[in-house]
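Observations on the model geometry
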Amino acid sequence: MERVYIGLGSNLAEPQKQLRTALLALDNIPATQLAAVSSFYSSDPLGPADQPRYVNAVAALDTALPPLQLLDALQAIELGQGRERKAERWGPRSLDLDILLFGDRLIDEPRLQV
């Protein structure tokens, strides 16, 4: 098992509820266990200022999954909670799950940079 840190963020569709639902889903990823969760905090959006403030948190997971398989699981959670991938990089979203750290690995893949 490796310790992985996931950044969670939402500023649409009841952001606190989005994060709570995502945390339940994270704990249900196969070969993965939710180890800890930070407090929720509010932040101003980056990019376009004409969007709601974000609710953010960080979750620590212990996982036996390889990085790209975990990424697939995270993206499935995002899609399941209404995430629409658009060209706009800093736009509003129902849920954003980002791998912040994956053990002590440096990952440079076309789909994932950690």
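Scroll up to find the structure.
It should be emphasised that the depicted structure is a prediction, and the values quoted were computed from it without experimental measurement. Throughout this description, residue numbers start from 1 for each chain and increase along the sequence as written. Local features in this predicted model are restricted to residues whose pLDDT is 70 or higher, and side-chain atom pairs enter the listing and the counts only when it is 80 or higher, whereas totals over whole chains, interfaces and linings include all residues. Note: side-chain values were computed over all heavy atoms of the structure, leaving out hydrogens and water.

1. With respect to unusual backbone geometry
Not every positive phi belongs to a glycine, and Ala 13 is a case in point at roughly 55 degrees. Secondary-structure assignment places Ala 13 in the loop between β1 (2–10) and α1 (15–27). Despite not being glycine, Ala 31 shows a phi value in the positive range, around 60 degrees. A run of H or I in DSSP counts as a helix once it spans at least four residues, and a run of E counts as a strand once it spans at least two, with each numbered from the N terminus. Among the secondary structure elements, Ala 31 is positioned in the loop between α1 and β2 (32–37).

2. Re the environment of Leu 61
Among the secondary structure elements, Leu 61 is positioned in strand β4 (residues 54–63). When the C-alpha atoms of Leu 61 and Met 1 are compared, they prove to be 9.3 Å apart, with 60 residues separating the residues in sequence. Throughout, a residue-residue contact means that at least one pair of heavy atoms, one from each residue, lies within 4.5 Å. Contact partners of Leu 61, with chain neighbours within four places excluded, come to Glu 2, Arg 3, Val 4, Ile 6, Leu 26, Thr 32, Gln 33, Leu 34, Ala 35 and Leu 70.

3. Observations concerning the nonpolar core
Take the buried Ala, Val, Leu, Ile, Met, Phe, Trp, Tyr and Cys residues and link them wherever side-chain atoms come within 4.5 Å; each set so joined is a nonpolar core. For every residue, the accessible area (1.4 Å probe, protein chains only) is compared with the maximum for its type, and the residue is labelled buried under 20%, exposed over 50%, or partly exposed between those bounds. Among the nonpolar cores identified, the biggest contains 24 residues, and Leu 26, Leu 70, Leu 97 and Ile 99 are the most heavily contacted of them. Elements with a minimum of two residues in this core: β1, α1, β4, α2 (67–80) and β5 (96–102). Once residues within four sequence positions are removed from consideration, Leu 97 is found in contact with Ile 6, Gly 7, Leu 8, Ala 22, Leu 26, Leu 74, Ile 77 and Glu 78.

4. With respect to the layout of surface pockets
Lining residues are defined by having an atom within 4 Å of a point belonging to a cavity or pocket. Those points lie on a 1 Å grid over the protein atoms alone, cavities being sets where a 1.4 Å probe fits but cannot get out and pockets being open sets with protein on both sides within 12 Å along at least five of seven lines. Grid points are joined across faces, edges and corners, and a volume is the space filled by probe spheres set on the points. Each pocket or cavity is described by its volume, and for the second largest pocket that value is around 260 Å³. Every element with two or more residues in the lining of the second largest pocket is listed here: α2, β5 and β7 (112–113). Residues are grouped as follows: nonpolar covers Ala, Val, Leu, Ile, Met, Phe, Trp, Tyr, Cys and Pro; charged covers Asp, Glu, Lys and Arg; every other residue, Gly included, is treated as polar. Broken down by class, the residue content of the lining of the second largest pocket amounts to 6 nonpolar, 2 polar and 6 charged.

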